[in-house]
Amino acid sequence: MDIRSQVCMVFHLDKCIGCHTCSIACKNIWTDRKGAEYMWWNNVETKPGTGYPTKWENQDIYKGGWEKNGDTVSLKGAGKFKGLKNIFHNPHMPVLDDYYEPWTYKYEDLFTAPEGDDQPTARPISLVTGEHMDVQAGPNWDDDMGGSPDYARQDVNLVKLSAAEQESMFQLERMTFHYLPRICNHCLNPACVASCPSGALYKRGEDGIVLINQERCRAWRMCVTACPYKKSYYNWNTGKSEKCVLCYPRLESGQAPACFHSCVGRIRYLGVMLYDADKIEPAASVSEDQLVDAQMDIYLDPFDPEVIRQARLNGIADSTITSAQNSPVYKFVKIWKLALPLHPEFRTLPNLFYVPALLPTMATVSNGVYDSTSQSLWNGVESNRLPMKYLASLFSAGNTGKIVDVMKRLMAVRLHRRGVTVGDLNSAEISTAMNEVHMDADTANAIFRLTALATFDERFVIPPAHREESIEMLEATGDVKGNTGFGFKETPARGL
Amino acid sequence: MTNILLFVVLPYACMAIFLIGSIYRYVNKGFTVSSISSQFLEGKKLFWASQPFHWGLFFLFFGHLIAFLFPRAVLAWNGQPIRLLILEVASFAFGLCAFIGVILLVLRRLTTKRVQMVTSKMDIVVFLVLLTQIVSGLLVAYYNRWGSSWFAAFLTPYLKSVFVFNPQIDAIASVNSIWLKVHVISAFSLIGLIPFTRFIHFLVYPVDYLWRSYQQVIWNWDRRNIRTSRFWKRGVPFKNN
């Protein structure tokens, strides 16, 4: 057993209102620079939709992630042989137009335009070339299902649905969507790290954050292809790849990452989980329907005395073990089994888990009547307007049972709380729902509390980074007093 | 005098600049050591330009290196005319690949606005030197055929004398092919330009990827080693596994 600690995350999709505040917080801190304008380390997508970059989930196009290869896994579009063979031209790499060409407006024209019959306009100009451009796409071009025939219907998760099921999703009365905020998953089996020929990408041992060493990145661009979530971005100006750093300078000083901190809907939870690094390869190599269970098996019970003993032997600080015991992520993922990884079939073992949205799946329409009685709510979980198959394609590698299970648990909590606060439901119905998922009232109340009323410190349980110890080994602490973050010693200027 | 300047002073100056400059840039300006790929801005034209260019240069580079290091083996190979022919035709084909590649790269840069935005002055110098180098090489191969055989008489003694710090320029100075002289001079200039241009990226070609483990985990400081070590000397600061 090789126990390590990993910063893990939960996004509660029922609570996401799609306001993009997280994206803006991230943009203002990290990617508001030349060459990084097009990057959204945090972005919010509408599902169904094609996302950003367009069709990122379709690995027939981008060849990201891992594929099963006998008893183990191998990189789909990169790796030692394929990577070095394609180093002069990477055939599966997304280019700027697959994201969008960033632009600004020529605001000065509003002031300097000569007097005339028309209102002066500020024309868009490209932030790459500085020339006038016709805006063709943006980071949220299909926000709220805008332009659906071109976007929502191209969603790769619809492939497994029958034509009738697909059609029913786009009937006006049944139409539904939900948001999918995405950041780097800081995976346990990161494809980006494995694909980097120069070894610039690495996983931090202390907290599992995946980073790119900007000094070692040589622009071989393999990580951009290999990350199936397309969360490694190429900075065309500096000639280096960049990615979400999970705001590690903030984490190290005990603050939540900016996108977490700023989240208006309070959908985000962050905490550490202990895991067994020896199980990574076997868990990534199981068959598709077992992927979720295999991944859940990696994470260990932080209350188990044996786990604690092994963790201490591995040098994990007691404060980190305490944080793991209080971790909201551990509760959502392991105890309550409400959160699932996004696209586990990419086999990177992502550490960002999603509580699937229950709300858009609740009501049904029969005979033109919007029916939301509790009876139909309950029966409706499996035969819903957002098909379970669709959610299964997103969160459980096609295993519909996993999604139904989560939905029933979410519904049991909802019925229980309705019984407590409104009291208009038949108590037998509530207990049936609770019993079916083996949930007691205390658990349901705890889920309700962490979902709806959690305070800042309950949502973000951040272990002390013990930077005071680690940094002393590397640098004279006096030199870096008051500093945090990169410690760049030179201007990050483009090479010659 | 001109010959001494071109075939003695220039080579040594260029190689000194190459050695000192490359080390300096790697150590002190590590951030700038990158292939600064522009595939992200333009990917389609690049395929037909970059692939023949790089693979052409790849084989030509190692061809030249082998000819320089093992001239007798190459001469022995050329003992039979058919093998000489194969070698010459293959080399010329790789030369053409590189030539077509570099022409397409220049055209791509001229016609793509986005790529122009990331074109520096040194990129133009790179193109000029590469064009000189490749064109002169092709002309030598065409006008002074069977170079893989005659190089041993003209070039190897000269190059060897340069590398053992006892430069003898008689052989190279007596060559009456202007293109061969241009080829040698531009080759040394190219070496001298490495620290100042994107040429530097070929020095960091990631061969070590072949024997590295796929996943890399790095501890700031390996606490496991600190706490379990029975020795006073603490564990290594890096743990790569």
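Residues numbered from 1 in each chain as written. Chains lettered and ligands numbered in written order. Predicted model: local features only at pLDDT ≥ 70, side-chain atom pairs only at ≥ 80, totals over all residues.

K.L.:
Lay out the overall build of chain B with the relevant residues and their values.
P.N.:
Counting its secondary structure elements, chain B contains 10 helices and 1 strand. N-terminal to C-terminal, the α/β element order of chain B is α-α-α-α-α-α-α-α-α-β-α. Expected size for 241 residues packed as a compact globule is a radius of gyration near 18 Å; at 22 Å, chain B overshoots this value by more than 25%. Principal-axis analysis of the C-alpha atoms places the extent of chain B at approximately 70 × 50 × 40 Å. Residue pairs at least 24 apart in sequence account for 76% of intrachain contacts in chain B once pairs closer than 6 positions are excluded. (Helix = DSSP H or I, 4+ residues; strand = E, 2+ residues; numbered from the N terminus. Rg over C-alpha atoms; globule rule 2.2 N^0.38 Å. Contact = placed C-beta atoms within 7 Å.)

K.L.:
Which residues make up the overall build of chain A, and what values go with them?
P.N.:
Helices and strands together make up the secondary structure of chain A, namely 22 helices and 17 strands. When each of the 496 residues of chain A is scored for burial, the buried share is 49%. A sequence separation of at least 24 residues applies to 69% of the contacts in chain A between residues at least 6 apart. (Buried ≥ 20, exposed ≤ 12 C-beta atoms within 10 Å, placed from the backbone.)

K.L.:
Describe the packing of helix α2 (residues 44-69) of chain B against helix α4 (residues 81-111) of chain B, and please don't skip the residues or the numbers.
P.N.:
Residue and element names in this part refer to chain B. Contact geometry for α2 and α4: axes closest at 7 Å, N-to-C directions at 140 degrees. Regarding α2 and α4, the two cross each other, and that crossing is left-handed. Within the contact of α2 with α4, the residues separate by chemical class into 16 nonpolar, 6 polar and 2 charged. (Axes fitted to C-alpha atoms, helices over the stretch in contact; angles between N-to-C directions. Left-handed = near helix turned anticlockwise from the far one by under 90°. Nonpolar A, V, L, I, M, F, W, Y, C, P; charged D, E, K, R; others polar.)

K.L.:
Which residues make up helix α20 (residues 441-453) of chain A, and what values go with them?
P.N.:
Helix length check: α20(A), at 13 residues, gives a terminal C-alpha distance of 17 Å against a target of 18 Å (1.5 Å per residue), a fit within 8%. Against β1 (3-12), α15 (328-335), α18 (400-421), α19 (427-436) and α21 (456-459) of chain A lie the buried residues of α20(A). (Expected span 1.5 Å × (residues − 1).)

K.L.:
Go over the sheet that holds β1(A), please, and point to the residues and values.
P.N.:
Residues and elements named next belong to chain A. Overall, mixed pairing links the 5 strands, which are arranged β13-β14-β1-β12-β17 in an open sheet. Every interior strand has two partners, whereas the edge strands, β13 (340-341) and β17 (460-461), have only one. Here 4 bridges tie β1 to strand β14 (residues 352-355), and the two strands are oriented parallel to one another. Along β14, the bridge assignment pairs Phe11 with Tyr354. (Pairing = 2+ DSSP bridges.)

K.L.:
Mind laying out the sheet that holds strand β1 (residues 217-218) of chain B, listing which residues take part and the relevant values?
P.N.:
Remark on secondary structure: sheet strands pair via backbone hydrogen bonds, oriented parallel or antiparallel. Read across the sheet, 3 strands follow the order β9(A)-β8(A)-β1(B) without closing on themselves; strand pairing throughout is mixed. Among the strands making up the open sheet, the edge pair consists of β9 (210-212) of chain A together with β1 of chain B. Inspection of the sheet shows strand β8 (residues 201-204) of chain A paired to β1(B) by 2 bridges, in the parallel sense. Within β1(B), the position partnered with A:Lys203 by the bridge is B:Val217.

K.L.:
Please set out the interface of chain A and chain B residue by residue, giving values where relevant.
P.N.:
Interface size is commonly expressed as the accessible surface area that is lost when the partners come together. Taken together, the contacts link 47 residues of chain A with 48 residues of chain B. Contributions of two or more residues to the side of chain A that touches chain B are made by α3 (80-85), α7 (191-195), β8 and α22 (467-474) of chain A. Examining the composition of the side of chain A that touches chain B, we find that 4 residues originate from one element, β8(A), more than from any other. Classifying every residue of the side of chain A that touches chain B by side-chain character gives 22 nonpolar, 14 polar and 11 charged.

K.L.:
Summarise the nonpolar core; cite the residues concerned and give the values.
P.N.:
Counting 137 residues, the largest nonpolar core has A:Val10, A:Val329, A:Phe332 and A:Phe353 as its most contacted members. With 8 residues, α18(A) is the single largest residue contributor to this core. A:Phe332 has contacts with A:Val10, A:Tyr269, A:Leu338, A:Ala339, A:Phe353 and A:Val355, leaving out every residue within four places of it along the chain. Core analysis: the next-biggest nonpolar cluster, separate from the first, contains 18 residues, B:Phe53, B:Phe94, B:Ile194 and B:Phe199 among them. (Core = buried A, V, L, I, M, F, W, Y, C linked by C-beta atoms within 7 Å.)

K.L.:
Talk me through the domain arrangement of chain B; I want residue IDs and the actual numbers.
P.N.:
Splitting chain B by domain gives domain 1 (2-205) and domain 2 (208-241). On a C-alpha basis, the centres of domain 1 of chain B and domain 2 of chain B stand 41 Å from each other. (Domains from an automatic or database assignment.)

K.L.:
Could you give an account of the packing of α18(A) against α20(A), naming the residues involved and the relevant values?
P.N.:
All names here are of chain A. Running from N to C, α18 and α20 cross one another at 95 degrees; their axes reach a closest spacing of 9 Å. By the angle between their axes, α18 is roughly perpendicular relative to α20. The residues of α20 that touch α18, namely those facing Ala412, Val413, His416 and Arg417, are Ala441, Ala444, Ile447 and Phe448. In the contact of α18 with α20, the residues fall into 6 nonpolar, 1 polar and 1 charged. (Parallel < 35°, antiparallel > 145°, perpendicular 65-115°, else oblique.)

K.L.:
An account of the confidence of the model for chain B is needed here, citing residue identities and associated values.
P.N.:
All names here are of chain B. In the predicted model, chain B carries a mean pLDDT of 86, and the fraction of residues at 70 or more is 91%. Across chain B, helix α5 (residues 113-116) holds the top mean pLDDT of 94, while helix α10 (residues 223-228) sits lowest at 52. Every residue in residues 226-241 is under pLDDT 50, and counting partners more than four places away or in other chains gives 24 contacts. Here the predicted complex carries an ipTM of 0.87, next to a pTM of 0.90. (pLDDT = per-residue confidence, 0-100.)

K.L.:
Go over the environment of A:Leu274 with me, naming the residues and quoting the values.
P.N.:
Residues and elements named next belong to chain A. Mapped onto the fold, Leu274 is located in strand β12 (residues 268-276). We classify Leu274 as buried; it has 27 C-beta atoms within 10 Å. For the pair formed by Leu274 and Ala441, sequence separation is 167 residues and the distance between their alpha carbons is 28 Å. Leaving out residues up to four positions away in the same chain, Leu274 has contacts with Ile3, Ser5, Leu300, Pro302, Val307, Ala311 and Ala324.

K.L.:
Requested: an account of unusual backbone geometry, with residues and values cited.
P.N.:
Residue and element names in this part refer to chain A. The peptide bond linking Lys47 to Pro48 adopts the cis configuration, its omega dihedral lying at 0 degrees. In this fold, Pro48 is placed in the loop between β2 (43-47) and α2 (59-62). Cis geometry is found at the peptide bond from Tyr52 to Pro53, where omega equals -5 degrees. Counting through the fold element by element, Pro53 comes out in the loop between β2 and α2. For His186, which is not glycine, the phi dihedral falls at a positive 45 degrees.

K.L.:
Can you explain the pairing of β8(A)? Please cite residues and give values.
P.N.:
Residue and element names in this part refer to chain A. Note that β8 and β9 share 3 bridges and pair antiparallel. Note on β9: the bridge partner recorded for Tyr202 is Leu211. Where β8 folds back on β9, the antiparallel hairpin that results is connected by 5 residues, among which Gly208 adopts a positive phi of roughly 80 degrees.

K.L.:
Talk me through the confidence of the model for chain A; I want residue IDs and the actual numbers.
P.N.:
Here chain A shows a mean pLDDT of 88. Residues at 70 or above account for 90%. Per-residue pLDDT, averaged within each element of chain A, yields its smallest value for helix α16 (residues 374-380) of chain A (55) and its largest for β14(A) (97).

K.L.:
Quick one: what's the story with the environment of A:Gly423, residue by residue and with numbers?
P.N.:
If you trace the backbone, A:Gly423 turns up in the loop between α18 and α19. Residues A:Gly423 and A:Leu75 lie 348 residues apart in sequence; the distance between their C-alpha atoms is 54 Å.

K.L.:
Pulling in residues and values, what's your account of the environment of A:Tyr38?
P.N.:
Residues and elements named next belong to chain A. Tracing the backbone shows Tyr38 in the loop between α1 (21-31) and β2. Owing to 23 C-beta atoms within 10 Å, Tyr38 belongs among the buried residues under this scheme. Here the alpha-carbon distance between Tyr38 and Leu386, two residues 348 residues apart in the chain, equals 31 Å.

K.L.:
Any details on the pairing of β12(A)? Residues and values, ideally.
P.N.:
Residue and element names in this part refer to chain A. In terms of burial, β12 is a largely internal element, 8 of the 9 residues being buried. With 9 bridges connecting them, β1 and β12 associate as antiparallel partners. Considered in β12, the bridge of Met9 is made with Leu270. Bridging between β12 and β17 involves 2 bridges; their strand directions are parallel. Considered in β17, the bridge of Gly271 is made with Val461.

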